[in-house]
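In case you want the letters, here they are:
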Amino acid sequence: MFLVDFQKEKDVSEIARQALLNEKAYNDQNKSVDLLFEVSQKMKNADYAKNLYQPYDDSIFEGKVAIDLLYYKHLLRNLDETYYKDVHELLAQTYRSVKEIYEFVNIKPEIFGKDINATILENSIEDVSNKLNVVMNEVLDNTFYNLTPDQRSKKYSDRALPLAKKLITEHNDPEESLQYSIKTCVLEDILTKVAFPGSNWLRVKHLTESEDFGLIFDQQKLVEIVENFEKQINRLSKYLAACV
Amino acid sequence: MSAIKKYYEDKVVPQLQDKQKETQIYTELAKMVSAAYTSNMASDESFCFKFNIPLTGVNNFYKILNLNPVEVGLNFKADWGNILTAMHKDSYYQILLLLVYHGIIQKKDAFAKNALMVLMLKIWNGRKSHFFKFCDKRVMKYVIGHMLTNRHHSSKFENPVTLLKDHFVPTILEKYGPEIKNDPAKLKRLFEQTFARVVQIFAQNKRTNLQTGKPEAQGGLLPLYMKARAEGLYISPPNVRTGEDEERPGFEEYATTHNRDEIVSKTTDFIVMNQISYPASLISDINRKTNVSAKIIEQILAALHNHSYFDIIQNLIILILSRCNITSVGDICKAEFSANIQKNVISSKNNDEANKIQRLIDVLLTKIFDDKLQIKFDNYSVVHKIKIRNVIIFGLEHNLFRVNCRGN
């Protein structure tokens, strides 16, 4: 058994602790903020895209809705008639949210698809539908059908697994459950892109987190509208995953 | 002892011994003169010009000095006698005469000059409206440029403000100052002579027309103007179209400017001289329309009520009324006023006036953001600045309605 002088040990550790505290205080006092660090912080917070956007315009939004609904018409062509009413109600609610978001962040509504703009509405409805169907089929191919099962799983499994597990526990076929869940994720992305093409969605997400924006605007309200939109898109994608 | 002198010594001097109050009044007077000068220099209405009268600002002198307008009026009456016109009894003139007296007694030349200048603004407007109910600036320009002889004061000065400030104010004070120093009751003489000199600009040497039996002025701007008008003589300004919906100024337009002047003057004075609380319903309505947080809306609107923003607010109101084609108070009190603002101010783009409104609001917001919110207004994107600007426009709309339709 060792004989230990606890008092002495305590004194020594107290001296050591004080020395460390003094050194820390000295370092804190003399700490100069690195200029590069400061600049990098400022650059991180700077809003470079702030002047790229044009203000919201009601008439442009009307044109956008007309075209977006034609995309939906194509996606919903195989929808079971029993869900018809629910889906259309949900779609109306979703586009109310989309309008609210565009108005809130005050950016010009964009239309999804390369070379697609409101002027195509001057053509016959068949021509417009055909053109939009080509765009949508191409998007579905690139994001889902042209991918191998492995590629799909790799790309979407993280997001798709929770829903797939739930479906499997409800005694659905595992393979079908996973495919359906992946399709749901794919459609969530597509529908969000249709509503907010280009960098618009990134802009919306940026503003929900921007410190400067939150100082002046009702950021919490924007967050709520965006969350509501995401829920609506999630529900819509579940209906659509069964149709495409 | 003169009642005015006694009242001045008992009530006014103790207040003005407080140097802060004296400086405040001097600064306000200087601002009023400066605003009159700037607006007249910017205008091309020649001698048709009407000033924005700082009624609220002048009225506020009573508050600053803790004076009762009724008491002041009684003392003037005691010195000046019973037979007085509405002008003699006007509290606007009386407080300014007291300040002129203060400037003369204390040998504060600039103080007396500014007070007399502000007093003359109202006399000018009154006489101008009396002699020229509808004043065509094109005809007036012809009169000034081609019909006046060198003897006429108007020929030596470019516009009313320089005539009043550089000629009438110093000569009147030089002539009547010494006798007022001895007897303040002589303020009445100064006041009446001021009135008479302004009248002479417009009409003098009245004689009865033997054909009509009515007195007619032989000299001054009025007979020359009537002659030029009868002969169809005028100088047409270069007609440069700069805005999308600018039209050639019509004759009736000049009638509306008088109403607008009053609305602008009353509303601006009210905004910069008063701190008001905005109703919660308005704040929530602006919040709904702009998505700017209610707390920030309250701070921005509260910050508007500051005299240092006088010029900006005045110009904004002038531009808003012009964009909305407001010709009378009735137009502001109509239910369509809001829709009018929405269409012609908020949604209007790419025209001179809308661009000016935007620039002025940006200057105002930059100051408010720096001073009150400690945030850089320039941190915000173009599209967000639009929303923040609308807070100011809605605030001004509310004040226009409040002042002109609800009487504050």
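Numbers given for residues are sequential positions, taken from 1 along each chain in its written order. Both sets of labels track the order of writing: A upward for chains, 1 upward for ligands. At least 70 in pLDDT is required for a residue's local features to be given in this predicted model, at least 80 for side-chain atom pairs to be given and counted, and no such filter applies to totals for whole chains, interfaces and linings, which use all residues.

Asker: Please give an account of the overall build of chain B that cites residues and values.
Answerer: A helix here means a DSSP run of H or I that spans at least four residues, while a strand means a run of E at least two residues long, and both kinds are numbered starting from the N terminus. Within chain B, the secondary structure is distributed over 19 helices and 2 strands. In chain B, buried positions account for 38% of the 408 residues. Distance between backbone-placed C-beta atoms decides contact: two residues are in contact if it is within 7 Å. Across chain B, contacts joining residues at least 24 apart in sequence account for 72% of those joining residues at least 6 apart. Exposed residues have 12 or fewer other C-beta atoms within 10 Å of their own C-beta, buried residues have 20 or more, and partly exposed residues fall in between, where C-beta atoms are placed from the backbone.

Asker: Tell me what's going on with the overall build of chain A, and back it up with residues and numbers.
Answerer: Across its full length, chain A holds 10 helices and 0 strands. Taken from N to C terminus, the helices and strands of chain A fall in the order α-α-α-α-α-α-α-α-α-α. Expressed as a percentage of the 244 residues in chain A, the buried residues total 25%. The long-range share in chain A, meaning contacts at least 24 apart out of those at least 6 apart in sequence, stands at 77%.

Asker: Describe the interface of chain A and chain B, naming the residues involved and giving the relevant values.
Answerer: Contact with chain A, which involves 14 residues of that partner, is made by 14 residues of chain B. Residue contributions to the side of chain A that touches chain B peak at 3 residues, all from helix 9 (residues 211-216) of chain A. By the convention adopted, Pro, Cys, Tyr, Trp, Phe, Met, Ile, Leu, Val and Ala count as nonpolar, Lys, Arg, Asp and Glu as charged, and the other residues, Gly among them, as polar. When its residues are assigned to classes, the side of chain A that touches chain B shows 7 nonpolar, 2 polar and 5 charged.

Asker: Now, about the environment of Gln358 of chain B: what can you tell me, with residues and values included?
Answerer: All names here are of chain B. Along the chain, Gln358 turns up in helix 18 (residues 352-373). Residue Gln358 is classed as partly exposed on the basis of its C-beta count, with 15 C-beta atoms lying within 10 Å. Separated by 27 residues in the primary sequence, Gln358 and Lys385 place their C-alpha atoms 9.6 Å from one another.

Asker: Could you give an account of the nonpolar core, with specific residues and numbers?
Answerer: All names here are of chain B. Leu96, Ala115, Leu116, Val118 and Met120 are the most contacted members of the largest nonpolar core, which has 150 residues in total. If you tally residues by element for this core, the top one is helix 7 (residues 109-131), at 11 residues. Domain segmentation is taken from an automatic or database assignment of domains. Here this core spans two domains, since at least three of its residues come from each of domain 1 (3-230) and domain 2 (254-405). The term nonpolar core refers to a group of buried residues, namely Ala, Val, Leu, Ile, Met, Phe, Trp, Tyr and Cys, whose C-beta atoms join them within 7 Å.

Asker: Before we move on, could you go through the packing of helix 13 (residues 280-290) of chain B against helix 14 (residues 294-304) of chain B and cite the residues and values that matter?
Answerer: Residues and elements named next belong to chain B. Across the interface, helix 13 lies against helix 14 with an axial gap of 9 Å and an inter-helix angle of 115°. When the interaxial angle is binned, helix 13 and helix 14 end up roughly perpendicular. The handedness of the crossing between helix 13 and helix 14 is right-handed. Contacts from Ile283, Ser284, Ile286 and Asn287 of helix 13 reach helix 14 at Ala294, Ile297 and Glu298. Residues of the contact of helix 13 with helix 14, tallied by class, amount to 4 nonpolar, 2 polar and 1 charged. Every angle, taken between N-to-C directions, lies between 0 and 180 degrees, and every axis is a line fitted to C-alpha atoms, over only the stretch in contact when it is a helix. Roughly parallel means an angle under 35 degrees; roughly antiparallel, over 145; roughly perpendicular, 65 to 115; everything else is oblique. Handedness of each helix crossing follows the sense of rotation of the near helix against the far helix: counterclockwise by less than a right angle gives left-handed, clockwise gives right-handed.

Asker: Please provide a residue-by-residue account of helix 18 of chain B, values included.
Answerer: Residue and element names in this part refer to chain B. For helix 18, built from 22 residues, the straight-helix expectation of 32 Å at 1.5 Å per residue is met to within 8% by its first-to-last C-alpha distance of 30 Å. Along helix 18, the residues classified as buried are Glu353, Ile357, Leu360, Ile361, Leu364, Leu365, Ile368 and Phe369. Each element contacted by the buried residues of helix 18 is listed here: helix 14, helix 15 (310-323), helix 17 (337-346) and helix 19 (382-405). Looking one or two residues past helix 18, Gln374 carries a phi angle of roughly 55°, positive in sign. Residue count minus one, scaled by 1.5 Å, sets the expected span of a helix.

Asker: Tell me what's going on with the pairing of strand 1 (residues 204-208) of chain B, and back it up with residues and numbers.
Answerer: All names here are of chain B. Where burial is concerned, little of strand 1 is hidden: 0 out of the 5 residues are buried. Should DSSP find at least two bridges between two strands, the strands are regarded as paired. Across 4 bridges, strand 1 lies against strand 2 (residues 215-219) in antiparallel orientation. Its bridge partner being in strand 2, Gln204 is matched across the sheet by Gly219.

Asker: If you had to explain unusual backbone geometry to someone new, which residues and values would you point to?
Answerer: All names here are of chain B. A positive phi angle, close to 65°, is found at Asn291, a residue other than glycine. Tracing the backbone through its elements, the reader meets Asn291 in the loop between helix 13 and helix 14. Of note in the backbone geometry, Gln374 takes a positive phi value of approximately 55° without being a glycine. With respect to the secondary-structure elements, Gln374 resides in the loop between helix 18 and helix 19. Given 8 C-beta atoms within 10 Å, Gln374 falls into the exposed group.

Asker: An account of the environment of Leu65 of chain B is needed here, citing residue identities and associated values.
Answerer: All names here are of chain B. Within the secondary structure layout, Leu65 lies in the loop between helix 3 (55-64) and helix 4 (69-80). With 21 C-beta atoms packed within 10 Å, Leu65 lands in the buried category. For Leu65 and Glu22, which are 43 residues apart along the polypeptide, the C-alpha to C-alpha distance reads 9.1 Å. Contacts of Leu65, omitting those with residues within four sequence positions, involve Val12, Gln15 and Lys21.

Asker: Talk me through the confidence of the model for chain B; I want residue IDs and the actual numbers.
Answerer: Residues and elements named next belong to chain B. Looking at chain B as a whole, its pLDDT mean stands at 86, while 93% of the residues score no less than 70. Here pLDDT means the predictor's own confidence in every residue, given as a number from 0 to 100. When mean pLDDT is taken per element in chain B, helix 14 scores highest with 95 and helix 12 (residues 251-273) scores lowest with 73. Low pLDDT, under 50, characterises residues 238-255; the predicted model gives this stretch 14 contacts beyond four residues in sequence or across chains. Predicted complex, confidence summary: ipTM 0.72, pTM 0.56.

Asker: Residue-level account of helix 8 (residues 137-147) of chain B, with values.
Answerer: When we look at burial in helix 8 of chain B, the residues that qualify are Lys137, Val139, Met140, Lys141, Tyr142, Val143 and Ile144 of chain B. At its buried positions, helix 8 of chain B is contacted by helix 11 (221-230) of chain B.

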